[in-house]
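As a plain string of letters, each chain reads:
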Amino acid sequence: MKIAKLFDQKKIVYSFEIYPPNLSSGVDVVYETLKNLTNLKPDYLSVTYGAGGTEVKNRTCEISALIKNTCAIEPLAHLTCVNSRKSEVSDVLNQLSNDNIHNILAMRGDIRPNTVVRDDFKYASQLMDYIAGRGGFHLAAACYPEGHPECESLKKDIEYMKLKQDCGAQFFITQLFFDNDAYYDFVDKARARGITAPIQAGIMPLTNIKQIERTLYLSGAKVPHKLSRLISRYGSNRVAMTQAGIMYATEQIISLLENDVQGIHLYTMNKLDVARKITENIDHLISMENTSYLV
Ligand code: FAD
């Protein structure tokens, strides 16, 4: 199934992102999580692609195959390229194709101090070109409502986003953001630049202080005053912060729904309870939006 088609069939596409377990754990560790996430009826599940060597990367294929075969849900396999040779990417594509997985979120990958940068692919658009040339896959790409941290301006970043659409991206998933106005402003600018593909909003519930520090450092997302007040008040207590994080994410999603977002992609961090609570908070809203869309 082509995931991009869902955006024609539904007003709101709702999906979850999960990451594969590390190599010391068996796949069965995520099996229960997958089963339970499936019960929440997402439209698709995306599986991150680690930067930690071939074996961890293979886990993305393994988990995607598990999703496809045992959960009967469409997987979106993430794939990054900056530290890969063409032959390695080709091997992953072969494996995905053998497992009947045809939807890929194609990205460059982060460049960290220890990243071995190869020359084969410098940007996601080059990876997309390569995959499109080979054929047999449906592509999605990442985008950044507040601009990618390395880019000199949001305007330039949107130019490169357009290039990704031209190279085959059929929909986009945003980096996490906490300020909906930044998302609305970004979507307006992307549309004005000729980006017509759906732009699914990536939402991450903040639930503990360690995750908060890491997330804010990596994404560079702006923290609105309301969220920073919640963090300073409840961040030291895991249970309280989880409740506050769920509430904030729920409010963010409801406001996005009111403003005609095309989809919500929840960064679950494999936290089933958080995904479940947020889904329970919004599932009737999503079904009403989708029902009225069909009438
Ligand atoms: P690109 O689109 O290649 O952009 C990278 C930078 O180069 C940007 O600053 C851009 O403006 C600039 N640029 C792009 N094209 C050009 C050009 N032609 N000339 C000059 N500059 C250019 N990382 C993982 O390792 N694994 C994952 O599973 C993963 N999943 C993600 C899921 C989502 C939804 C998102 C938003 C991000 C994810 N990431 C993941 C992180 C992602 O790999 C990083 O954000 C990475 O730094 C950029 O990837 P990209 O595909 O957006 O890169």
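Colleague: What is the right way to read the pairing of strand E7 (residues 199-203) from this model?
Modeller: When you tally the buried positions in E7, you get five out of five residues, the bulk of the element. By the alternation rule, side chains of E7 split into Ile-199, Ala-201 and Ile-203 and Gln-200 and Gly-202, which are all buried. Inspection of the sheet shows strand E6 (residues 169-174) paired to E7 by two bridges, in the parallel sense. Note that in E7 the partner of Ile-173 across the bridge is Gln-200. Taking the sense of rotation as the criterion, the β-α-β connection linking E6, helix H7 (residues 180-192) and E7 turns out right-handed. Pairing of E7 with strand E8 (residues 263-267) involves three bridges; the strand directions are parallel. The residue bridging Gly-202 from the neighbouring strand is His-265, located in E8.

Colleague: Even after reading the chapter, I still don't get the pattern of salt bridges, so can you show me in this structure?
Modeller: Opposite charge on two side chains allows them to pair when their charged atoms are near. Here the structure, examined in full by the defined rule, presents 13 salt bridges. Linking Lys-11 and Glu-289 is a salt bridge whose minimum nitrogen-to-oxygen distance equals 2.8 Å. Here Lys-11, found in the loop between helix H1 (6-9) and strand E1 (13-18), pairs with Glu-289, found in helix H11 (residues 272-294); they are 278 residues apart in sequence, far enough to count as distant. Note that Lys-35 is salt-bridged to Glu-32, the shortest N-O span being 3.3 Å. One end of the pair is Lys-35 and the other is Glu-32, both in helix H2 (residues 28-39) and three residues apart, which spans about a single turn. Salt bridges here are not isolated pairs; linked through shared partners, they connect Lys-11, Asp-260 and Glu-289.

Colleague: When you look at the packing of helix H6 (residues 154-166) against H7 in this model, what are you seeing that I'm missing?
Modeller: For any two helices packed against each other, one specifies the inter-axial angle together with the distance between the axes. One way to put it is that H6 packs onto H7 with a least axis distance of 10 Å and a crossing angle of 55 degrees. One finds that H6 runs oblique with respect to H7. Helix-helix and strand crossings are classified by hand; for H6 and H7 the assignment is right-handed. In this structure, H6 uses Leu-154, Ile-158 and Met-161 to contact H7, whose residues at the interface are Phe-186, Lys-189 and Ala-190. The residue makeup of the contact of H6 with H7, split by class, is five nonpolar, no polar and one charged.

Colleague: For this particular structure, what's the right way to read unusual backbone geometry?
Modeller: Excluding glycine, residues mostly carry a negative phi; peptide bonds, for their part, are mostly trans. Even without a glycine there, the phi angle at Asp-260 is positive, about 65 degrees. With respect to the element layout, Asp-260 can be found in the loop between helix H10 (238-258) and E8. Classification of Asp-260 by relative accessible area gives exposed; the value is 51%. Despite not being glycine, Asn-270 has its phi angle at roughly 60 degrees, a positive value. Along the chain, Asn-270 falls in the loop between E8 and H11.

Colleague: When you look at the environment of Val-47 in this model, what are you seeing that I'm missing?
Modeller: Along the chain, the position of Val-47 falls in strand E2 (residues 44-47). For Val-47, a relative accessible area of 0% corresponds to the buried category. In this structure the C-alpha to C-alpha distance between Val-47 and Gln-95, which are 48 residues apart in sequence, comes to 15 Å. When near neighbours in sequence (up to four residues on either side) are disregarded, Val-47 contacts Ile-18, Pro-20, Thr-60, Ile-63, Ser-64, Ile-67, Leu-76, Ala-77 and His-78.

Colleague: Please explain the packing of helix H4 (residues 86-98) against helix H5 (residues 124-134) as it appears in this structure.
Modeller: Running from N to C, H4 and H5 point in directions that differ by 50 degrees, and their axes come no closer than 12 Å. With respect to H5, the element H4 is oriented oblique. The handedness of the crossing between H4 and H5 comes out as right-handed. The segment H4 lies against H5, with Lys-86, Val-89, Ser-90, Leu-93, Asn-94 and Ser-97 engaging Leu-127, Tyr-130, Ile-131 and Arg-134. Residue composition of the contact of H4 with H5, grouped by class: five nonpolar, three polar and two charged.

The rules we used
Residues numbered from 1 in each chain as written. Predicted model: local features only at pLDDT ≥ 70, side-chain atom pairs only at ≥ 80, totals over all residues. Heavy atoms only, no water. Buried < 20%, exposed > 50% of the residue type's maximum accessible area, 1.4 Å probe, protein only. Helix = DSSP H or I, 4+ residues; strand = E, 2+ residues; numbered from the N terminus. Pairing = 2+ DSSP bridges. Right-handed = clockwise from strand over helix to strand, strands pointing away. Salt bridge = Lys/Arg side-chain N within 4 Å of Asp/Glu carboxyl O. Axes fitted to C-alpha atoms, helices over the stretch in contact; angles between N-to-C directions. Parallel < 35°, antiparallel > 145°, perpendicular 65-115°, else oblique. Left-handed = near helix turned anticlockwise from the far one by under 90°. Contact = heavy atoms within 4.5 Å. Nonpolar A, V, L, I, M, F, W, Y, C, P; charged D, E, K, R; others polar.

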